[in-house]
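Residue strings, one per chain:
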Amino acid sequence: MIKRFLPIVLIAILFLTPTIADAQEEISLLDSTAQIFFPSALVFNINVESTSDITKVRLHYQVDKMNYAQVVSESWPDFTPAPEVKTQWIWDMRRVSLPSGATVHYWWTVEDEVGNKLTTPVDAVRFDDLRYSWQSLTAGQLNLFWYDSSHSFAEELMAASQQALERLAKDTGVYLENPVDIYIYANSTDLRGAMVFPREWTGGVAFTEYGIIAIGVSEKQLDWGKRALAHELGHLVTHQITFSPYGAILPTWLDEGLAMHAEGKPDPYLQSWLKKAISEQRLISVRSLSSPFSAKPEEAYISYAQSQSLVEFLIQNHGKDRILRLLTLLKEGNTCDEALSEVYGFDQDGLDELWREYIISQTLSQSGLGCAPAWEIGQGKVFEEEVLGKLVASKALTIPLGVP
Ligand SMILES: [Zn+2]
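Computed from a prediction, not measured in an experiment: that's the story for all the values here. (Residues numbered from 1 in each chain as written. Predicted model: local features only at pLDDT ≥ 70, side-chain atom pairs only at ≥ 80, totals over all residues.)

What should I look at first to understand helix H6 (residues 252–263) in this one?
Two residues of an α-helix separated by three or four positions point the same way, owing to the 3.6 residues in each turn. In a regular helix each residue adds 1.5 Å, so 12 residues correspond to 16 Å; H6 covers 17 Å between its end C-alpha atoms and thus fits that length. If you check which residues of H6 are buried, you get Trp 253, Leu 254, Asp 255, Glu 256, Gly 257, Leu 258, Ala 259, Met 260, His 261, Ala 262 and Glu 263. Where H6 is buried, its residues touch helix H3 (151–172), helix H5 (222–242), helix H8 (286–289) and helix H9 (297–318). At the exit of H6 stands Gly 264, carrying a positive phi of roughly 95°. (Helix = DSSP H or I, 4+ residues; strand = E, 2+ residues; numbered from the N terminus. Expected span 1.5 Å × (residues − 1). Buried ≥ 20, exposed ≤ 12 C-beta atoms within 10 Å, placed from the backbone. Contact = placed C-beta atoms within 7 Å.)

Below is the structure:
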């Protein structure tokens with residue numbers, strides 16, 4: 001909870017903005033707090049008084065996330081005009097939810113009936129999951145938070161995450177531009193408890209715009225956790241590097257292929273699916289793989305396996321530097337076909353043809369396929385959600401306090 005009291009606020013205003021201090025003295029901020037009810041709601045409270053009736057109270061807030069336009073949202077809490085007003089605005093996360101660790105900057109503007117105005121200083125609240133006592137570990141751009149495992153467990157996950165970043169940088173030239181916060185829940189049940197509308201199979205979530213990953217990993221699942229974390233970090237790196245005001249569209253095969261490349265060692269299970277798809281002539285066209293993957297398990301297995309193989313093909317046969325160039329052209333607003341043609345001299349159909357020749361000759365020579373992991377597809381259900389959480393200005397809500 002964040003509290004600011006009258007004397008501090010007044011001193012700050014007088015010091016910073018002496019010319020408007022006289023007018024603002026008429027309205028006094030008695031209290032301003034933000035309360036976290038994770039994951040359901042974030043509640044902003046204000047208590048103000050004036051020498052005449054207060055008639056307007058507005059909350060302004062801004063969420064820290066990748067954004068080219070500075071989006072400030074506004075809300076108008078309900079209250080009855082009076083010389084002293086105590087009111088609140090409830091951000092109901094059932095409408096637009098925030099991930100754990102997201103930071104919100106906020107301030108209030110208050111007006112009374114004779115035209116006096118008060119603008120409170122900008123404050124910040126982190127929407128932390130306060131139900132657990134988090135420990136933290138920081139290395140480079142990564143902050144890792146956990147609560148229910150040993151320090152060595154956290155260090156192993158951190159080391160695997162760093163290796164994933166190094167692998168991507170070395171093999172493709174892509175790198176993390178902004179810090180990432182990683183929340184390790186003790187298991188998938190705890191993770192689902194941190195989501196407003198969890199899906200029963202969710203094992204992890206990458207909030208790419210916020211630079212936040214939340215994942216459920218028990219000590220027994222360390223190997224799975226390392227791979228899953230590396231994969232999600234791969235997505236974050238790729239999304240950061242292609243984030244643009246043009247709204248770059250990443251073909252799914254490239255996004256997933258790079259995420260799987262970040263994991264490192266190939267997964268034999270998906271490798272076997274790729275071999276099966278080749279022998280049964282069930283390979284999916286690259287153009288189809290640029291759209292979201294099928295939810296059908298068998299097609300999803302093949303889609304992931306093919307995506308990794310496509311990326312391995314580009315790296316091994318055409319050099320690592322070109323992947324970064326390809327991502328840069330996508331960021332600049334080129335279509336996938338345009339970007340591929342400029343960097344490699346072939347579009348998605350050309351890639352499809354060349355990759356099929358390559359993969360079939362690889363299979364015949366038994367020298368190993370590009371392959372992919374099974375962790376993301378559990379019992380026929382795709383593992384992750386990449387949340388591009390769009391924040392919209394929402395009206396004041398009237399749900400009662402006392403949310404859990
Ligand atoms: Zn993925």
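Hey, could you run me through the nonpolar core in this one?
Side chains that are nonpolar tend, in soluble globular proteins, to be buried together. Judged by nonpolar contacts, the single largest core of 94 residues is most densely connected at Ile 182, Ile 184, Ile 213, Ala 214, Ile 215, Leu 229 and Leu 233. When residues in this core are grouped by element, the largest group, 10 residues, is from strand E3 (residues 41–63). Ala 214 has contacts with Pro 99, Ser 100, Tyr 183, Tyr 185, Leu 191, Ala 194, Gly 204 and Val 205, leaving out every residue within four places of it along the chain. (Core = buried A, V, L, I, M, F, W, Y, C linked by C-beta atoms within 7 Å.)

Please clarify how the pairing of strand E13 (residues 212–216) should be interpreted in this entry.
For a regular strand, side chains alternate in direction, first toward one face of the sheet and then toward the other. Taking burial as the measure, the five residues of E13 include five buried ones, the bulk of the element. Of the two faces of E13, the one holding Ile 212, Ala 214 and Gly 216 and the one holding Ile 213 and Ile 215 are both buried throughout. In terms of strand pairing, strand E11 (residues 180–185) meets E13 through five bridges, oriented parallel. Each residue of the ladder has a partner; that of Ile 182, found in E13, is Ile 213. Sheet topology places strand E12 (residues 204–207) next to E13; four bridges connect them, and they run antiparallel. Paired with Ala 206 across the strands is Ile 213, a residue of E13. Connecting E12 to the next strand, E13, in antiparallel fashion are four residues, including Gly 211 with a positive phi near 65°. (Pairing = 2+ DSSP bridges.)

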